[in-house]
Amino acid sequence: MVKLLFELLMAYLATMCFGIILNIPRRALNMAGLIGGFAWGFYWIISRLGVGIAFGNLMAAFLISVISMYAAYYKKMPMVIFNIPSLVSFVPGGQAYQMIRNFAIGHSQTACGFLVQVVVIAGAIAMGFILGELYHQIWQYGRKKMGTHYES
Amino acid sequence: MVADEQKQLNVINACLLAGRILIENGSEMTRVIDTMQRISHNAGVDSAQMFVTVTGIVISVNNTPNAQVATIERRTIDLDKVARVNELSRAFAEQKLSLTTLAKRLDRIDNDTPTFSFWLRLLAAALLSAVLLIVFTNEYVDAPAGFVIGGVGYAVFDFFNRQFKVQFLSEFIASLVIGLLAAIAVRLHLGQYLDNIIIGSVMPLVPGVPITNAVRDLVGGNLISGPARAVEALLSAAAIGTGIVCVLHFV
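Quick caveat, the model's predicted, so the values are computed rather than measured.

Draft legend 1. Expanded view of the overall build of chain B. Helices and strands together make up the secondary structure of chain B, namely 10 helices and three strands. Sequence-ordered secondary structure for chain B, helices as α and strands as β, is α-α-β-β-β-α-α-α-α-α-α-α-α. Its C-alpha atoms put chain B at 75 × 30 × 30 Å along the principal axes. Evaluated residue by residue, chain B yields a buried proportion of 47% over its 251 residues. Here the contacts in chain B between residues at least 6 apart in sequence split such that 65% fall between residues at least 24 apart.

This is the structure:
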């Protein structure tokens, strides 16, 4: 439990820092951090439950996408401000590095293994975003049907 | 008739400026097109046609002979500007602004939007490196080394990016410096694992915005911009990787 809180805090910090580097508006920093922390906590829990990396990343990316959408409506800001910083903890940095390192020292077999991991994780995140986008479109359609004024 | 043409020209110019700011600062294409259409629609020009790619915008109004073009030469990332243009477009839709004030405000966004100070960004980059080092590797010993080297790497990147305006070159040099410093730190026993230090320190350079936008553009059906941005992200990643490989050969 303490470990989970620690991981949440770390992801929160990482998201805020990446937000500062990308120069997102000040009043969105905290919200973006919360989304990043929450998504990472969710990923941490479901990966403990024995879900594979592909499905875990997919669910997390979907979650980020959906929460960012609601945050964007709530704060009246573009969605990119929330979903790009939140994603930083999910970047397969370790695997990408190991891939490059193994290619460099000539262990092509190991490198290919890591390459597959990188492609799978990146693909899962992209797929999660696509599903999130789909959700967004459906939700928008629903709102238009109900006759509420929509503006992004 | 002349007044009408002048108005159309103003509308087109405002649209072009808004579109250029959005693309230059890392917005996705759907939002760019949507914002430009809203501005022209709300200004009373309904028949505007636009063609938007990551390197240029073409816009024309039906029944007039000339089309206007804006080229986009540099792409940085400043999401604050994207948010501000969005806000402005909203205010214009609610008719709180006239077309001339809109153009003036857009110009102001383009030229002086406050950014976080360099030292704050440096601190953020350093902290990001240390934090992600812990998250990715579950090791704590190298966090201080990651903090320092990540900060230095980001400073190098920022410096060269401002000097040369060639993003891939500055990414290459920054990752080269990171690799060298990490190797030196391990030699001097300031850090333990070379791999972990490099993984953490490289993270502030990761091309997160192009990757995310590539996916969103592809999903949105922008078959020119999506792959273009994916190539941009790949080139960045390759530049970083090459820098690291150069160092690893000698360690």
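Draft legend 2. Quick peek at the environment of B:Asn66. Relative to the elements of secondary structure, B:Asn66 occurs in the loop between strand S2 (56–61) and strand S3 (67–71). Placed 57 residues apart in sequence, B:Asn66 and B:Leu9 show a C-alpha to C-alpha distance of 10.0 Å.

Draft legend 3. Local environment of the packing of helix H9 (residues 208–219) of chain B against helix H10 (residues 225–248) of chain B. Residues and elements named next belong to chain B. Running from N to C, H9 and H10 point in directions that differ by 160°, and their axes come no closer than 8 Å. Taken together, the axes of H9 and H10 lie roughly antiparallel to each other. Crossing hand, H9 versus H10: left-handed. Together, Pro210, Ile211, Asn213, Ala214, Asp217 and Leu218 of H9 and Ser225, Gly226, Arg229, Ala230, Glu232, Ala233 and Ser236 of H10 make up the contact between the two elements.

Draft legend 4. Summary view of the interface of chain B and chain A. At the junction of the two partners, chain B supplies 45 residues and chain A supplies 35 residues. If you tally residues by element for the side of chain B that touches chain A, the top one is helix H5 (residues 118–137) of chain B, at 12 residues. Within the side of chain B that touches chain A, the residues separate by chemical class into 28 nonpolar, eight polar and nine charged.

Draft legend 5. Quick peek at the UniProt feature "transmembrane region" (unreviewed entry) in chain A. All names here are of chain A. Under the feature "transmembrane region" (unreviewed entry), the UniProt entry names residues 6–22, 29–46, 52–73, 80–100 and 112–135. Taken end to end, residues 80–100 comprises 71% helix and 0% strand; its first and last C-alpha atoms sit 29 Å apart. The distance from the first to the last C-alpha atom of residues 112–135 is 34 Å, and the span holds 100% helix and 0% strand.

Draft legend 6. Spotlight on the sheet that holds strand S1 (residues 48–53) of chain B. Residue and element names in this part refer to chain B. Read from one edge of the open sheet, three strands run S1-S2-S3, paired in antiparallel fashion. With one partner strand each, in any of the chains shown, S1 and S3 form the two edges of the open sheet. Within the sheet, the average angular offset between the axes of one strand and its neighbour, ignoring direction, is 10°. In terms of strand pairing, S1 meets S2 through six bridges, oriented antiparallel. Of the residues in S2, the one forming a bridge with Gln49 is Ser60.

Draft legend 7. Fine view of the pairing of S3(B). Residue and element names in this part refer to chain B. Pairing geometry for S2 and S3, over five bridges, is antiparallel. In the strand pairing of S3, Ile57 is matched with Ala70. What sits between S2 and S3 in their antiparallel hairpin is a turn of five residues, with Asn63 showing a positive phi close to 70°.

Draft legend 8. Up close: the packing of helix H3 (residues 79–93) of chain B against helix H4 (residues 99–111) of chain B. Residues and elements named next belong to chain B. At a minimum axis distance of 10 Å, the contact between H3 and H4 shows a crossing angle of 170°. When the axes of H3 and H4 are compared, the pair comes out roughly antiparallel. Every residue of H4 that contacts H3 at Lys81, Arg84, Val85, Leu88 and Phe92 is listed here: Leu102, Arg105, Leu106 and Ile109. Taken together, the residues of the contact of H3 with H4 break down into six nonpolar, no polar and three charged.

The rules behind the values
Residues numbered from 1 in each chain as written. Chains lettered and ligands numbered in written order. Predicted model: local features only at pLDDT ≥ 70, side-chain atom pairs only at ≥ 80, totals over all residues. Helix = DSSP H or I, 4+ residues; strand = E, 2+ residues; numbered from the N terminus. Buried ≥ 20, exposed ≤ 12 C-beta atoms within 10 Å, placed from the backbone. Contact = placed C-beta atoms within 7 Å. Axes fitted to C-alpha atoms, helices over the stretch in contact; angles between N-to-C directions. Parallel < 35°, antiparallel > 145°, perpendicular 65-115°, else oblique. Left-handed = near helix turned anticlockwise from the far one by under 90°. Nonpolar A, V, L, I, M, F, W, Y, C, P; charged D, E, K, R; others polar. UniProt positions renumbered as here; feature names shortened; annotations may be inferred. Pairing = 2+ DSSP bridges.

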